[in-house]
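What follows is the residue order along each chain.
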Amino acid sequence: MKFSPRRSLLAGGTAAVLLLSACGGDDEPVAEPADTEAPTEAGSDTTTGSTDAGSTDTTTGGATSVEGGPEATVPADVPEEYIGAIGPVDVIGDPRPYLETDVIADDAAVGEPAPVIVGLDFDGNPVRIDAATDGPTMVVFVAHWCPHCNAEIPVLNELRDDGLIPDGLNVVAVSTAPRADSTNFPPGEWLVDMDWQWPAIADGVDIDTGTFLAAEAYGVSGFPFITLVDGDGNVAARWSGERDADEYTEAFSTHLGLG
């Protein structure tokens, strides 16, 4: 798998945002992180505070609903068409480095704490990703315009329908890097059309740094991007690109001891 930078502007260049604009796969490059020279605009009222946004309430098939939502706000200068496609997100904990290897054992993030993510789903309900509290979790970063994501979600649905998602494994999607001018927009409707039945968070954006908050915190380098987090809240494995059902079940067993 190759790693190469791809950048574009959100909606006519009114806000400079890193879009992780290539999918992960054997044939296509995936995105690298923004560097300090990436164009930005001031005027964002986004915050990425580390305040706990609420106490645990109920588990909803994966991530946990919480009382109250994230503290971070959607930037005032995000184009109107993106309202509803992105959301407020809080990141609690240190970000993990960008994935730069195909070898899971060589990934510097493995064994390190995964950030807790607090955000909203596309109906405005708070969702929290916190494996240390709620148990082993698979976090699936997807982009509505990515052909590999559109191919991978049916694989995950097949695992679900065949009863191959292990008991005790939470599954949650983070919809990130939306493009109003691309296919399958808006992402909330796309996830419904794709029969995604687990919780999903609409990623937030930081205009000043040109990054998406949850994707940045998890070191996302391409799509789809999977992170397995163990019951202690530590990263157990990360990868980018398509995998088949057998590879998922093997990963659940090898990296989480579930199966």
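Residues numbered from 1 in each chain as written. Predicted model: local features only at pLDDT ≥ 70, side-chain atom pairs only at ≥ 80, totals over all residues. Heavy atoms only, no water.

Draft legend 1. Structural view of the packing of aromatic side chains. For the coordinates displayed, the defined rule picks out 7 aromatic pairs. A ring pair is formed by Tyr-82 and Phe-185, whose centres lie 6.0 Å apart and whose planes are at 65 degrees; its orientation type is edge-to-face. Remark: Phe-185 occurs in the loop between β7 (170–175) and α3 (187–193) and Tyr-82 occurs in the loop between β2 (64–66) and β3 (90–92); sequence separation between them is 103 residues. Classification of Tyr-82 by relative accessible area gives buried; the value is 2%. For the cation-ring pair, Arg-179 lies above Trp-145, with the distance from its terminal atom to the ring centre recorded as 4.1 Å. (Phe/Tyr/Trp six-rings, centres within 6.5 Å; stacked < 30°, edge-to-face > 60°. Helix = DSSP H or I, 4+ residues; strand = E, 2+ residues; numbered from the N terminus. Buried < 20%, exposed > 50% of the residue type's maximum accessible area, 1.4 Å probe, protein only. Lys NZ or Arg CZ within 6 Å of the ring centre and 35° of its normal.)

Draft legend 2. Spatial organisation of helix α5 (residues 245–256). Along its 12 residues, α5 runs 16 Å from first to last C-alpha, staying within 8% of the 16 Å computed at 1.5 Å per residue. Three or more residues of α5 are buried, namely Ala-245, Tyr-248, Ala-251, Phe-252 and Leu-256. Taken end-on, α5 shows its buried residues confined to a sector of 120 degrees, consistent with a single buried face. The outward face of α5, more than 90 degrees from its buried face, is lined by the exposed residues Asp-246, Glu-250 and Thr-254. Two to three positions downstream of the cap, the backbone nitrogen of Asp-246 sits 3.2 Å from a side-chain oxygen, assigning the N-cap of α5 to Asp-244. (Expected span 1.5 Å × (residues − 1). Arc of directions from axis to C-beta. Polar contact = N/O pair within 3.5 Å; in protein donor to acceptor, adjacent residues only side chain to side chain.)

Draft legend 3. Highlighting the pairing of strand β4 (residues 116–120). The buried fraction of β4 amounts to 5 of the 5 residues, a majority that puts the element mostly inside the structure. Both faces of β4 are covered, namely the face carrying Val-116, Val-118 and Leu-120 and the face carrying Ile-117 and Gly-119. Bridging between β3 and β4 involves 3 bridges; their strand directions are antiparallel. The partner of Val-91 across the bridge, within β4, is Ile-117. Hairpin remark: β4 followed by strand β5 (residues 126–129), antiparallel, with 5 residues in the connecting loop; positive phi at Gly-124, about 85 degrees. (Pairing = 2+ DSSP bridges.)

Draft legend 4. Quick look at the sheet that holds strand β6 (residues 137–142). The 5 strands lie next to each other as β8-β7-β6-β11-β12, forming an open sheet whose pairing is mixed. Each edge of the sheet is formed by a strand with only one pairing partner; in this case those strands are β8 (200–202) and β12 (235–240). Strand-to-strand twist across the sheet, computed as the mean angle between neighbouring axes with direction ignored, equals 15 degrees. Looking at chain direction, β6 and strand β11 (residues 225–229) are connected through 5 bridges and run antiparallel. Paired with Thr-137 across the strands is Val-229, a residue of β11. Packed onto the sheet, α5 meets β6, β11 and β12 and runs at close to 35 degrees relative to β11. (Axes fitted to C-alpha atoms, helices over the stretch in contact; angles between N-to-C directions. Contact = heavy atoms within 4.5 Å.)

All quantities given are derived from atomic positions and should not be read as evidence of function.
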